[in-house]
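# Observations on the three-dimensional arrangement
What follows is each chain in one-letter form.
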Amino acid sequence: MLEINYDTKIFGVIGKDIKYTLSPYIHNFSFNLLGINAVYLVFDLSEEKFNKAINSLLEIAEGLNVTIPYKEKVIAHLNGMDEISKKIGAVNTIFRKNGYNTDYIAVKSLVNEKFGNLSGFNCYIYGAGGAAKASSYALAELGCFINIINRTKSRAIELVENLNKNGFNALVKEDCEDNGLVIVNATPYSQIVPERCAKKANLVIDFVYKPVETDLIKIARNNNISFINGLEILVRQAMEAEKIWFNKSVPDEKIIEYLYARKLVW
Ligand SMILES: NC(=O)c1ccc[n+]([C@@H]2O[C@H](COP(=O)([O-])OP(=O)(O)OC[C@H]3O[C@@H](n4cnc5c(N)ncnc54)[C@H](OP(=O)(O)O)[C@@H]3O)[C@@H](O)[C@H]2O)c1
């Protein structure tokens, strides 16, 4: 770590029960490589502490990431948000009290790089929480027709209504039905995606990154299906946050190499 002194800036992640978070490893490593005089801390806050501390944290920290369960709740405390986070209704990155959604940017840019345009494809997204919201907007903007499958149907309906209100044609579904598919696991459990659906896919995206090689990613690999794993999304969203904070970032591969070398992912 660089020397901590008067000018050291504070960054960090806000969430609840986030002992697992890799964000401090990723960002402190990156700050060092970029020569940025900053530290990245974890603010693991109960709801009560969040309510007491959020405004002060926003005053003191230069930039923040936000994770479960505060991606929506934090919005009321911000000065503004970019247009896409307003539509999505969730932010995971804050810079000087303005909100952004780099989960959305990560999915959109990775799909563009690894697969390309999705016009004519049917996307089946499992889940209706923060990851599902961000990825549904990213994939819809790339031309995919969005279908949401979620345990709690009312949340799926809410997300679909939000997408449709913003000009997309999304539906709530119970099961995957077509060929020419993009399959996304946006729940904590990639086994939720039936194997027969995964096998019909042209592209598989899994948000889960522990382990990196989930059962879903294994199915994709074994069947020569293109895939984007949760670690790629995690690192990309972190580096996109750094671009917002500093206008620069470290190449994703360097961060991924570091996380494997430190045995922080497997
Ligand atoms: N790789 C990355 O950078 C990245 C970024 C964001 C999230 N993630 C990961 O993605 C996952 C989802 O995150 P999130 O922020 O979207 O969480 P969230 O807002 O809490 O949403 C979780 C979703 O998963 C569903 N779900 C949870 N447990 C389930 C179960 N046992 N059976 C069926 N459905 C279940 C929930 O369904 P209900 O609506 O029925 O509760 C909900 O739709 C987490 O594992 C998170 O760590 C990874």
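Residues numbered from 1 in each chain as written. Predicted model: local features only at pLDDT ≥ 70, side-chain atom pairs only at ≥ 80, totals over all residues.

By the naming in an unreviewed UniProt entry, the protein goes by Shikimate dehydrogenase (NADP(+)) and is assigned to Saccharolobus caldissimus. Here is the UniProt Pathway (unreviewed entry) comment for the protein, exactly as written: "Metabolic intermediate biosynthesis; chorismate biosynthesis; chorismate from D-erythrose 4-phosphate and phosphoenolpyruvate: step 4/7." Regarding the protein, the UniProt comment filed under Function (unreviewed entry) reads as follows: "Involved in the biosynthesis of the chorismate, which leads to the biosynthesis of aromatic amino acids. Catalyzes the reversible NADPH linked reduction of 3-dehydroshikimate (DHSA) to yield shikimate (SA)." (UniProt positions renumbered as here; feature names shortened; annotations may be inferred.)

### Quick notes on the environment of Val172
Tracing the chain through its elements places Val172 in strand 9 (residues 170–172). The sequence separation of Val172 and Ile157 amounts to 15 residues, and the corresponding C-alpha distance is 6.2 Å. For Val172, the contacting residues outside a window of four places in its chain are Ile148, Lys153, Ala156, Ile157 and Val160. (Helix = DSSP H or I, 4+ residues; strand = E, 2+ residues; numbered from the N terminus. Contact = placed C-beta atoms within 7 Å.)

### Focus on the pairing of strand 8 (residues 145–149)
Within strand 8, five of the five residues are buried, which leaves the element mostly enclosed by the surrounding structure. Sheet analysis places strand 7 (residues 122–126) next to strand 8, joined by five bridges and oriented parallel. By the bridge assignment, Cys123 is partnered in strand 8 with Ile146. With respect to chirality, the unit in which strand 7 leads through helix 5 (residues 130–141) into the neighbouring parallel strand 8 is right-handed. Note that strand 8 and strand 9 share three bridges and pair parallel. Bridge assignment links Ile146 to a residue of strand 9, and that residue is Ala170. Handedness of the crossover joining strand 8 and strand 9 through helix 6 (residues 153–165) is recorded here as right-handed. (Buried ≥ 20, exposed ≤ 12 C-beta atoms within 10 Å, placed from the backbone. Pairing = 2+ DSSP bridges. Right-handed = clockwise from strand over helix to strand, strands pointing away.)

### Examining the sheet that holds strand 8
One open sheet accounts for six strands, arranged 9-8-7-10-11-12; its pairing is parallel. If you trace the sheet from one side to the other, it starts and ends with strand 9 and strand 12 (226–228), each paired once. Pairwise comparison of adjacent strand axes, ignoring direction, gives a mean angle of 20 degrees for this sheet. Two strands pair when backbone bridges link them, and strand 7 and strand 10 (residues 181–185) are joined in this way by five bridges, in the parallel orientation. Note on strand 10: the bridge partner recorded for Tyr126 is Asn185. Packing against the sheet, helix 8 (residues 215–222) makes contact with strand 10, strand 11 (201–206) and strand 12, and its axis sits at approximately 150 degrees to strand 11. (Axes fitted to C-alpha atoms, helices over the stretch in contact; angles between N-to-C directions.)

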